[in-house]
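Working through the structure, step by step
If you want the building blocks of each chain, they are given just below.
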Amino acid sequence: MESKDQKKLHIAMFPWLAYGHLMPFMEVSKFLAQEGHQISFISTPKNINRLRSSSFSPLINFVELPLPAVDGLPESVESTSELPINKVPYLKKAYDLLKPSVMHFIQHSSVNWVVHDIICYWMPRVATQLGVNSVYFNITNASTLAFLGPPSELLGDKRRRPEDFTVVPEWVDYPSNVAFKQHEMVSHWDCMDDEVSDFQRLAGSIQDCNFVTMRSCTEFESDAVSLLRKIYGKPVVPLGLLPPGSAPHQHGVANDRGDDKWEVLRKWLENKKPNSVVYIALGTEVTLSQELMHELAHGIEKSGLPFIWVVNNRPLVEGVLGSDIIPLGFETRVEDRGLVLRGWAPQLKILGHISIGGFLTHCGWSSVVEALGYGRALILFSGANSDQGLIARLMHDKQVGLEIPRDEQDGSFTSDSVAELIGRVMVEKEGESIRSNARAMKEIFGNVELNNKCLDEFTRVLETWPK
């Protein structure tokens, strides 16, 4: 027993200020805390309050650091969900200014390991200076990192324009179509900091840390994991897909407030045939013009299939409120077979219902993990934020979904192509292999035991790392 106690570590978690980053870090924190390690979760007050209310864990010590003010960043903003994409660089600048506070905490708290995110490229070097180990936790999959390449390529001058990222790079040594579309890279360029690009941030996070982990497993993408080990020249230890249920869950406010909404949805779904309903959700931070939202709506209508569509409450474009983003009369015309929900929705419960057959998704990694955990076929509609385009190509390559055709330059699409693709994935004979492949993915994405083995291995690496 004594030798096991000696391994207990103090681990500091420092995620980027986005909900899609905070939650995976939180899930890993819960697992490590259950293993008996001391966890300090570092973030800003608003983000910590949100985490406390939605996923409270008494075993985790939350460390609140006020976010420094930056010219251009609206007062009281502390996460990407509160900002249009072109203002995100100001949030990155403010996050970088947390460096002295984070250093002070690490220096005076007997921390053994820092688990850090992509944006704080300075963290591994700081940790080394303070005699602390660091691991870069990439909250998405290995294929995305494989496409982006080693630090030498990230810091090199071969890829300097958006179009340079629209081809599969030469170092990818396995069959792949994973690359960006032109319109996705142009969109991503808008959220990059002029002074420190995301490529520089990723390079620093990788080259100076002790080892790299990501939200994936070798059972899903062994080729990409093997390639990363080769091009990084350091250990790469996937920590699993973090399916719901892999870490101990505390039911908080988010669960309770959804009960009434879920009861209405459940009754509606009970009246539908198994695998007949399309679930549509584009995440909380995807922005589409009113024109494209209308085109999407018309495509959903033309498909003729029953659906649940979650529409974001935030204004999607300047001067257009969420209520105006849906075409006039749309809800009346489809009321016999479709539901439009505004704001938050109990996504996991919806995806888990037997009546759901497919998921039209913006390709955020968390959403994809949840959907494949239930074996739902994917209708891929890249949100053009971050790595969503790469995830769309990866899922298309894996034949668990099909991607809605879009113009390479501006991302436009037609309602006919939306309707045609929904039909193919959901009901047509030629989509049967897609549906079958997606169902088979439950054995990986929905396998809590398999994914906990990955978390166990990740924990073992932390515990046995040479002092």
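Residues numbered from 1 in each chain as written. Predicted model: local features only at pLDDT ≥ 70, side-chain atom pairs only at ≥ 80, totals over all residues. Heavy atoms only, no water.

**Some words on helix α11 (residues 218–232)**
Relative to the 21 Å expected for 15 residues at 1.5 Å per residue, α11 spans just 17 Å between its end C-alpha atoms, considerably shorter than the ideal helical length. If you look at α11, its biggest bend is around 45°, right at A224. Buried within α11 we find F220, E221, A224, V225, L227, L228 and Y232. Phi turns positive, to about 65°, at G233, one or two residues after α11. (Helix = DSSP H or I, 4+ residues; strand = E, 2+ residues; numbered from the N terminus. Expected span 1.5 Å × (residues − 1). Bend = angle between axes of the 7 residues up to and from the residue. Buried < 20%, exposed > 50% of the residue type's maximum accessible area, 1.4 Å probe, protein only.)

**Topic: the confidence of the model for the protein**
Looking at the protein, pLDDT values average 91 and 91% of them are 70 or higher. Note on residues 1–5: pLDDT is under 50 here. Beyond four places in sequence and across chains, it has zero contacts. Scored below 50 in pLDDT, residues 315–319 shows twelve contacts in the model against residues more than four places distant or in partner chains. (pLDDT = per-residue confidence, 0-100. Contact = heavy atoms within 4.5 Å.)

**Some words on the sheet that holds strand β11 (residues 377–380)**
If you trace the six strands from one edge of the open sheet to the other, you get β9-β8-β7-β10-β11-β12, paired in parallel fashion. Of all the strands in the sheet, just β9 (338–342) and β12 (401–403) have a single pairing partner and so form its edges. On average, each strand axis in the sheet is tilted by 15° relative to the strand beside it, whichever way the strands run. Of the pairings in the sheet, the one linking strand β7 (residues 277–281) to strand β8 (residues 307–311) comprises four bridges and is parallel in character. (Pairing = 2+ DSSP bridges. Axes fitted to C-alpha atoms, helices over the stretch in contact; angles between N-to-C directions.)

**Concerning the packing of aromatic side chains**
This structure, assessed with the given rule, holds 18 aromatic pairs. Here the guanidinium or amino end of R159 rests over the ring plane of F147, the centre of that ring lying 5.3 Å away. For R406, the ring lying beneath its charged end belongs to F381, and the centroid distance is 4.2 Å. (Phe/Tyr/Trp six-rings, centres within 6.5 Å; stacked < 30°, edge-to-face > 60°. Lys NZ or Arg CZ within 6 Å of the ring centre and 35° of its normal.)

**Concerning the domain arrangement of the protein**
According to the domain assignment, the protein consists of domain 1 (10–247 + 447–464) and domain 2 (258–315 + 322–446). Each of domain 1 and domain 2 was reduced to a C-alpha centroid, and the two centroids are 27 Å apart. Contacts between domain 1 and domain 2 engage 34 residues on the former and 32 residues on the latter. Of the roughly 2,800 Å² buried where domain 1 meets domain 2, counting both sides, 57% is carbon and sulfur surface. A salt bridge links K181 to E408; its shortest N-O distance comes to 3.4 Å. Counting the contacts that link domain 1 with domain 2 gives 14 residue pairs in polar contact (both at pLDDT 80 or more). Mapped onto the side of domain 1 that touches domain 2, the elements with two or more residues apiece are α7 (142–148), α9 (182–189), α11 and α22 (448–464). The element contributing the most residues to the side of domain 1 that touches domain 2 is α9, with five residues. (Domains from an automatic or database assignment. Buried area = accessible area lost by both parts, 1.4 Å probe. Salt bridge = Lys/Arg side-chain N within 4 Å of Asp/Glu carboxyl O. Polar contact = N/O pair within 3.5 Å; in protein donor to acceptor, adjacent residues only side chain to side chain.)

**Details of the nonpolar core**
Among the nonpolar cores identified, the biggest contains 129 residues, and W309 and M395 are the most heavily contacted of them. At six residues, the largest contribution of residues to this core is made by α11. Looking at which domains feed residues into this core, each of domain 1 (10–247 + 447–464) and domain 2 (258–315 + 322–446) supplies at least three. Ignoring sequence-local partners within four residues, the contact set of M395 consists of F220, W365, V368, L372, L378, L380, V400 and G401. If you look at the next biggest cluster of nonpolar residues, it comprises 30 residues, including V28, L32, F41 and V115. (Core = buried A, V, L, I, M, F, W, Y, C linked by side-chain atoms within 4.5 Å.)

**So, unusual backbone geometry**
One non-glycine residue with positive phi stands out, namely S110, at about 50°. Its place among the elements puts S110 in the loop between α5 (99–107) and β4 (113–116). According to the relative accessible area criterion, S110 is exposed, its value standing at 63%. Its identity as a non-glycine residue notwithstanding, Q399 has a phi of 60°, on the positive side. Here Q399 shows up in the loop between α18 (388–397) and β12.

**Looking at the pairing of strand β6 (residues 211–214)**
Side chains F211 and T213 project from β6 onto one buried face, and the interleaved V212 and M214 project onto a second face that is buried too. Of the strand pairs in this sheet, strand β5 (residues 133–138) and β6 are connected by four bridges, and their pairing is parallel. By the bridge assignment for β6, F137 is matched with T213.

**Things to note about the pattern of salt bridges**
Under the counting rule described, the total for this entry stands at 23 salt bridges. K158 is paired through a salt bridge with E170; the nearest N and O atoms lie 3.4 Å apart. Taken together, the positions of K158 in the loop between α8 (151–154) and α9 and E170 in the loop between α8 and α9 put the pair twelve residues apart, joining distant regions of the chain. Accessibility assignment for this pair places K158 and E170 in one class, exposed. Notably, a salt bridge pairs R393 with E184, separated by 2.9 Å at the nearest N-O pair. Of this pair, R393 sits in helix α18 while E184 sits in helix α9; the two residues are 209 residues apart in sequence, bridging distant segments of the chain.

**Side note on the sheet that holds strand β1 (residues 10–14)**
As summarised here, the arrangement of the six strands in space is β3-β2-β1-β4-β5-β6, forming an open sheet in which the pairing is parallel. In this open sheet, the two strands that pair with only one neighbour each are β3 (60–64) and β6. Across the sheet, the mean angle separating the axes of adjacent strands is 25° when strand polarity is ignored.

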